[in-house]
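Single-letter residue listing:
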Amino acid sequence: MPARQVEEMTPEELTSFAKEIVVRKLSERAHSRSDLAQALAKKQVPEGVVEATLDKFEAAGLIDDEEFARSWVQARQRGKGLSSRALAMELRRKGVDDEISKEVLSEIDPEAEIQAAHRLVQTKLRSMSRFDDTTKIRRLTGMLARKGYSPQLAFDVVRQELGAEKQALDSM
């Protein structure tokens, strides 16, 4: 049977079509309600069907923006070493409510964020032995800035790590 246009579908078929899309998206990974609404809108599912479908999935506990935000933050902080500022922007782009974002981001341990910055710099320093200190500082602080760290924190972390690297070389 050839694919039918959304305009030609009965209300029952539209509902089934919308559920199919949501199930497929959720089977890939967790999504925010906004992400799913956008996916349905791209498929030209009417707004009423979108809201009704997402409400049912939310009532069943399959869509939970707070849980999505929490897992997103944990994965992105652990995997990419992103700062809370960068994570807040990502959550906003994902359509997560600002209040939920603030609550989830408040759970981040500031010390863990600083340690993540140190790990990023330590990893990057391994491949920078051929550069002078000025170049290292510029590149490392730039990398941390792109990850959302404040300039002051970036300079402090880079300065500490460069000092540690010099002490290690001097002890040889």
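Structure: above.
These figures come from a predicted structure and were not determined experimentally.

The rules behind these values
- Per chain, the residues get numbers from 1 upward, laid out in the order the sequence is written.
- Local features in this predicted model are restricted to residues of pLDDT 70 or higher, and side-chain atom pairs are both shown and tallied only at a pLDDT of 80 or more, whereas totals for entire chains, interfaces and linings draw on every residue.
- Working from all heavy atoms in the structure, the side-chain values ignore hydrogens and water.
- What makes a salt bridge here is a side-chain nitrogen of Lys or Arg within 4 Å of a carboxyl oxygen of Asp or Glu, nothing more.
- Helix and strand labels come from DSSP, where a helix needs a run of H or I of at least four residues and a strand needs a run of E of at least two; each type is numbered from the N terminus.
- Burial classes: relative accessible area under 20% of the type maximum marks a residue as buried, over 50% as exposed, and values in between as partly exposed (1.4 Å probe, protein chains only).
- The angle between two axes is taken between their N-to-C directions and runs from 0 to 180 degrees, where each axis is a line fitted to C-alpha atoms and a helix contributes only its stretch in contact.
- By convention, the crossing between two helices is left-handed when the near helix turns anticlockwise from the far helix through less than a right angle, and right-handed when the turn is clockwise.
- Here a residue-residue contact requires only that any non-hydrogen atoms of the pair lie within 4.5 Å.
- Polarity classes work like this: nonpolar for Ala, Val, Leu, Ile, Met, Phe, Trp, Tyr, Cys and Pro, charged for Asp, Glu, Lys and Arg, and polar for all others, with Gly in that last group.
- Angular relationships are summarised with four words: roughly parallel below 35 degrees, roughly antiparallel beyond 145, roughly perpendicular across 65 to 115, and oblique for the angles in between.

Trainee: Can you help me understand the pattern of salt bridges in this one?
Mentor: When the charged atoms of two side chains lie near each other, side chains of opposite charge can form a pair. Under the counting rule described, the total for this entry stands at 11 salt bridges. Among the salt bridges present, the one from Glu-67 reaches Arg-70, with a minimum N-O distance of 3.9 Å. A residue pair is termed a helical-turn pair when its members lie 3 or 4 positions apart in one helix, as Glu-67 and Arg-70 do in helix H4 (residues 65–80) at 3 residues. Given the relative accessible area of 43%, Glu-67 is considered partly exposed. For Glu-90, the salt bridge is made with Arg-76, and the minimal N-O distance between the two is 2.6 Å. Of the two residues, Glu-90 is situated in helix H5 (residues 84–93) and Arg-76 in helix H4; the sequence distance between them amounts to 14 residues. Members of the salt-bridge network, linked through shared partners, are Arg-33, Glu-51, Asp-55 and Glu-58.

Trainee: Honestly, the packing of helix H2 (residues 33–42) against helix H3 (residues 47–59) in this entry has me stumped. Any pointers?
Mentor: When two helices pack together, their arrangement is given by the angle between the helix axes and by the axis-to-axis distance. Contact geometry of H2 with H3 gives a least axis separation of 10 Å together with a crossing angle of 145 degrees. Remark: the crossing between H2 and H3 carries right-handed chirality. Residues Arg-33, Leu-36, Ala-37 and Leu-40 of H2 form the contact with H3, whose own contacting residues are Val-50, Glu-51, Leu-54, Asp-55 and Glu-58. Across the contact of H2 with H3, the residue classes break down as 5 nonpolar, no polar and 4 charged.

Trainee: Help me understand the packing of helix H1 (residues 11–28) against H3 in this model?
Mentor: Two elements in contact, H1 and H3, have axes whose closest approach is 10 Å; the angle formed by their N-to-C orientations is 50 degrees. Relative to H3, H1 is oriented oblique. Considering only the axes of H1 and H3, their crossing is right-handed. Across from Leu-14, Thr-15, Ala-18, Lys-19, Val-22, Val-23 and Leu-26 in H1, the residues of H3 making contact are Val-49, Thr-53, Leu-54 and Phe-57. Per-class residue counts for the contact of H1 with H3 are 8 nonpolar, 2 polar and 1 charged.

Purely geometric stuff here, so don't read any function into it on its own.
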